[in-house]
Amino acid sequence: MSPSLLNSEFTAAISSALEVRNSKPLIHAFSHVPGNETEKKSSLDQALRGFLESEIIKQTHSDDFLALISLSIDGVIEGVCSATTPFLLLGDVLDCLPLEQCDKIFSFVEENVATWKSNSFYSAGKNYLLRMCNDLLRRLSKSQNTVFCGRIQLFLARLFPLSEKSGLNLQSQFNLDNITVFNETEQESTLGQQHSEEKEDGMDVEEGEMGDEDEPAPCSVPIDYNLYRKFWTLQNYFRDPVQCYDKFAWMTFLKYSDETLAVFKSYKLDDAQASKQKLNELRTPGGEEVYFTKFLTSEKLMDLQLSDSNFRRHILVQYLILFQYLKGQVKFKSSSCVLNDDQCTWIEETTKLVYQLLRETPPEGDKFAAMVEHILNKEENWNAWKNEGCPSFVKERPTETKPIRPTRKRPAPKDFLGKEPDSKVFMGNDELTRLWNLSHDNMEACKSDEREFVPSLEDFFEEAIEQADPANMVENEYKVVRNSNYGWRALRLLSRRSPHFFQPTNQQFKNLEDYLENMVIKLAKELPKDLPSEEIKTGEEDDEDDNGDNLLKESSDSPDMQNKMVTNEQMDEVAAKLGNQWKTLAGHLEVKAMDLREIEADNEDAEMQAKMLLVAWQDQVSSQATVENLVTALNNAGFGKIAEILTDT
């Protein structure tokens, strides 16, 4: 297909896509048009630029331009446009539109900064965006379009990484074109003339500058042309600090600075004059403060400027920036740019004076001085990073790690941890010391076959069972169950050998000793011992100790019932009795909620649901699905008659 036909085909697709605000017509046309992929992309790019040109000639609304640029972004993402097309369209729009409309277009650029930083656009469009922003800055006025210029600078800071060298002043060059213009001829000076003479010459008094009732008090320092000329001459040194390394220029700077700082020191501002009245004058109706980007060097404003806290802070901060450059290590400084001892001493003393004046300047002088000092300290780190060649902030992990050099192990002392035959190690505790010194080689002692044993319940609880018999008349304080070490070992042994350890019970025990005494009574009933288990009680008479009778009754359950697993026939019988009340039992069997929902979803018959509940409980507790546990759950749920059926069987 010829290029003209491709162009017309794509132009029609662009119109359709803009009408529906969707890129589907454009993608459909791209896929159905025959030809090479590269040729089709080139034709579509040209069609987009041609369509934009026609829209600009028609003076269409800026929203239509943004819709076309958004369409090109979607085309890049879908793979039908070149990655540079959106940036070319943005450049064409900003070049053809006036500055008032460029503001809205640039807002679109700011909102899509995340898109420009993505992998699909960044490498292809970063240079286009940089060129576009620089062209805008050349068209804008720094004094009249200050906010717009600042937005462009902030956008570039967000777009490029910190290590991007294209936005850095690597050689520490100064803007020598920033010249402050003031009256340099004494014959043309108006200082010293009276206001009456000015009025006779026909000069009008501007509102807000002179004659107002709420005007701040004029400066008490006598202002003549010499002070005016010296004050504004200092701006030449702030503009080009390199001339301070010249001997004669330094003497001039030193003289003018001493006189200027002496004026600031002799005329101090008070809070009422500076913080309230001056700040109110510098506020817009919306409450925002107004700052001017360029000095007003009129001789008539000199006394008012000396009374302005913002103006004074501006000059003092300029001194601190200049001193930091003169003392700092800058990579591209000439070898002749070196300060002598006298210059260094004067700079240190003047720096202290400047900070003192900043703290004395209201409002919140101490806070402002601390903030300026903090910012300048951070600037030192920035200068050091530039001097090192702007290394990347991303630390890459080395691909090959060096082999670790083997270290020679230091030989242990001769008598290390008491390995000598007659030595003894003190562990800080009598019991630990006894255990540690049972053998000279504790590791070999732990590996001995004699330690590989677990005592039986009969052997371990033999003494406790004998002491539990009231006939032996053993007092409670002398029973082995009162020993904490014995209780700890008894719990471990019960968890391995006794089924009573994991069975739920409704009894509440105040301490471990009471629990062990209860377990001893149960074991005495079960273990085949010669001791008369029917005589074992808690140490009180039968007619007075009801609690002992209850313990014996609870322990009188047959071992067969405690260890007997629930059979399928028993579950069928219980399920038939439960019927629709199976959910009441579910809470006492602690079956998971997810299993209950599956039971209700899979079966509609109540008896089958009850049977599935018991099966789920059996799968959940496995070896603990005994008749005794099921009877306990039934009793707790209020099904005592059903529990009696299991007990009888």
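It should be emphasised that the depicted structure is a prediction, and the values quoted were computed from it without experimental measurement.

Digging into the overall build of the chain
- A count of helices and strands for the chain gives 31 helices and zero strands.
- Split into buried and exposed, the 649 residues of the chain put 36% on the buried side.
- Working note: accessible area of the chain is about 41000 Å², and carbon and sulfur atoms make up 49% of it.

Here we look at the UniProt feature "coiled-coil region" (unreviewed entry) in the chain
- Sites flagged by UniProt as "coiled-coil region" (unreviewed entry) map to residues 589-616.
- Between the C-alpha atoms that bound residues 589-616 the distance is 10 Å, and the span itself is 79% helix and 0% strand.

Quick look at the packing of helix 28 (residues 593-602) against helix 29 (residues 606-621)
- Helix 29 packs onto helix 28 with a crossing angle of 150° between their chain directions and a minimal axis gap of 10 Å. The angle between helix 28 and helix 29 falls in the class roughly antiparallel. For the element pair helix 28 and helix 29, the recorded crossing hand is right-handed. Taken together, the residues of helix 29 that come into contact with helix 28 (itself represented by Asp595, Leu596, Ile599 and Glu600) are Gln609, Met612, Leu613, Ala616 and Gln620.
- The residue inventory of the contact of helix 28 with helix 29, partitioned by class, reads five nonpolar, two polar and two charged.

Some remarks on the side chain of Asn629
- Tracing the backbone shows Asn629 in helix 30 (residues 627-637).
- Of the polar contacts made by the side chain of Asn629, one reaches the side chain of Thr626; its length is 3.2 Å.

Section: the packing of aromatic side chains
- Counted according to the given criterion, the structure contains 27 aromatic pairs.
- Ring centres of Trp116 and Phe121 lie 6.1 Å apart, and the angle between their planes is 80°; this geometry places the pair in the edge-to-face category. Pair check on accessibility: Trp116 and Phe121 agree, each one buried.
- Between Phe460 and Phe461 the ring centres are 5.2 Å apart and the planes differ by 80°, which places this aromatic pair in the edge-to-face class.
- Overall, Phe461 belongs to the buried group, its relative accessible area being 1%.
- Put simply, the rings of Tyr237, Phe238, Trp250, Phe253, Tyr319, Phe323 and Trp346 pair up and form one aromatic cluster.
- It is Lys333 that lies over the ring of Tyr325; its NZ or CZ is 4.5 Å from the centre.

Brief notes about helix 22 (residues 484-497)
- For helix 22, built from 14 residues, the straight-helix expectation of 20 Å at 1.5 Å per residue is met to within 8% by its first-to-last C-alpha distance of 20 Å.
- Of all the positions in helix 22, only Tyr486, Gly487, Ala490, Leu493 and Leu494 are classed as buried. One face of helix 22 carries all of its buried residues, which in axial projection span an arc of 130°. Those residues of helix 22 that are exposed and angled more than 90 degrees off the buried face are Ser484, Trp488 and Arg496.
- A distance of 2.9 Å separates the backbone nitrogen of Asn485 from a side-chain oxygen at the start of helix 22, and that oxygen is part of Asn483.

Rules used throughout
Residues numbered from 1 in each chain as written. Predicted model: local features only at pLDDT ≥ 70, side-chain atom pairs only at ≥ 80, totals over all residues. Heavy atoms only, no water. Helix = DSSP H or I, 4+ residues; strand = E, 2+ residues; numbered from the N terminus. Buried < 20%, exposed > 50% of the residue type's maximum accessible area, 1.4 Å probe, protein only. Areas by Shrake-Rupley, 256 points an atom, 1.4 Å probe, with all protein chains shown as cover. UniProt positions renumbered as here; feature names shortened; annotations may be inferred. Axes fitted to C-alpha atoms, helices over the stretch in contact; angles between N-to-C directions. Parallel < 35°, antiparallel > 145°, perpendicular 65-115°, else oblique. Left-handed = near helix turned anticlockwise from the far one by under 90°. Contact = heavy atoms within 4.5 Å. Nonpolar A, V, L, I, M, F, W, Y, C, P; charged D, E, K, R; others polar. Polar contact = N/O pair within 3.5 Å; in protein donor to acceptor, adjacent residues only side chain to side chain. Phe/Tyr/Trp six-rings, centres within 6.5 Å; stacked < 30°, edge-to-face > 60°. Lys NZ or Arg CZ within 6 Å of the ring centre and 35° of its normal. Expected span 1.5 Å × (residues − 1). Arc of directions from axis to C-beta.

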